[in-house]
Amino acid sequence: MSTQVTFHGHGTFAIETAGKTILIDPFFTDNPSATVAADDVAADAIIVSHGHFDHVADVVSIAKRTGATVISNFEIVTWLQKQGVENGHPMNTGGQAKFDWGTVKLTLAFHSSSLPDGGNGGSPSGVLLKLADGTIYHACDTALFGDMKLIGEEGIDLAILPIGDTFTMGPDDALRAIRLIEPKRVVPDHYNTWPPIAQDADVWAERVRAQTSAEPVVLQPGQSLTL
Ligand code: NI
Ligand code: MN
């Protein structure tokens, strides 16, 4: 059985692996680029990278409906539990945890993480997933940083990198990130949701092809790739 990775626009991905569905940063309801509704997505686990609304907005409703295990930093899991989320799995930066479908490590990310109500959302993170079919690094919202090279040493089959600029890395720094991480394939995310993060992903993909050894895959919201 192969692992399917579906882009839902912005930073939201659904990963189907080992018969389970793992959602990362579910943002559907107020996401202008989403093609499905929060009420219609399956989830066995939900991973939340940081506290900003465009990453946590639909977590409570999906977790309550599906009973999914919510994996995030301690502060965010505590905040979600106060809203009725029952199955929380708190972690923190650099920590790894094993689940029956794969292993999750929360990596460094250089960003901020305040919660929508102004509460302390702990430290932002990226997500390293070791699955039966390969290893995925979703950098989530972050600046470029040199220790991406250490993450690359884990052997990355698929990197998901923000290219939107303004709030995260832009296209130029995402190219530099590829040289540090050396993934086999790379998918851009966190762009075109709103005008301040508008980017031409196809132009970026041409630069990736010309200037790095990674294969770029531009997914439209709703599209999938096989790991
Ligand atoms: Ni953010
Ligand atoms: Mn964001």
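Once a new chain begins, its residue numbering starts again from 1 and follows that chain's sequence as written. Labels follow written order: the first chain is A, the first ligand is 1, and so on. At least 70 in pLDDT is required for a residue's local features to be given in this predicted model, at least 80 for side-chain atom pairs to be given and counted, and no such filter applies to totals for whole chains, interfaces and linings, which use all residues. Side-chain metrics in this entry use all non-hydrogen atoms of the structure; hydrogen atoms and water are not considered.

> Help me understand the coordination of the manganese ion (ligand 2) in this model?
Geometrically, a metal with four donors at the corners of a regular tetrahedron has ideal angles of 109.5 degrees, and one with six donors at the corners of a regular octahedron has ideal angles of 90 or 180 degrees. Water is not among the atoms examined, so metal sites may look incomplete; donors are the N, O and S atoms within 2.8 Å of the metal, or within 3.2 Å for Na, K and Ca. Protein ligation of the manganese ion (ligand 2) involves Asp-54 (OD), His-55 (NE2), Asp-141 (OD) and His-190 (NE2), the donor distances falling in the range 2.2 to 2.3 Å. If you list the donors of the manganese ion (ligand 2) from N- to C-terminus, the spacing comes out as D-H-x85-D-x48-H.

> Looking at this structure, how should I read the side chain of Thr-3?
Only DSSP runs of H or I with at least four residues qualify as helices, and only runs of E with at least two residues qualify as strands; both kinds are numbered from the N terminus onward. Residue placement: Thr-3 occurs in the segment before strand S1 (4–7). Of the polar contacts made by the side chain of Thr-3, one reaches the side chain of Thr-17; its length is 2.9 Å. Residues within four places of Thr-3 in sequence aside, it is in contact with Ile-15, Glu-16, Thr-17, Leu-131, Asp-133, Leu-225, Thr-226 and Leu-227. Under the rule applied, a polar contact is a pair of N or O atoms within 3.5 Å (in protein, one hydrogen donor and one hydrogen acceptor; residues adjacent in sequence only if both atoms are side-chain atoms). In what follows, a contact means two residues having at least one pair of non-hydrogen atoms within 4.5 Å.

> Is there a simple way to explain the pattern of salt bridges in this structure?
Here, a salt bridge means any Lys or Arg side-chain nitrogen found within 4 Å of an Asp or Glu carboxyl oxygen. Using the criterion set out here, one finds seven salt bridges in the structure. Between Glu-154 and Lys-130 there is a salt bridge whose closest N-O contact spans 2.9 Å. Taken together, the residues Glu-154 in the loop between helix H4 (148–152) and strand S11 (158–162) and Lys-130 in strand S9 (residues 125–131) connect sequence positions 24 residues apart. Buried residues are those whose accessible area, probed at 1.4 Å on protein chains only, stays under 20% of the maximum for their type, while exposed residues exceed 50% and partly exposed ones sit between those limits. The exposure class assigned to Glu-154 is partly exposed, which follows from its relative accessible area of 30%. Where Asp-173 meets Arg-176, a salt bridge forms, and the shortest distance between an N and an O atom there is 3.1 Å. Of this pair, Asp-173 and Arg-176 both sit in helix H5 (residues 171–181), three residues apart, which is roughly one turn of that helix. Residue classification places Asp-173 among the partly exposed positions, given a relative accessible area of 27%. Salt bridges here are not isolated pairs; linked through shared partners, they connect Lys-105, Lys-130 and Glu-154.

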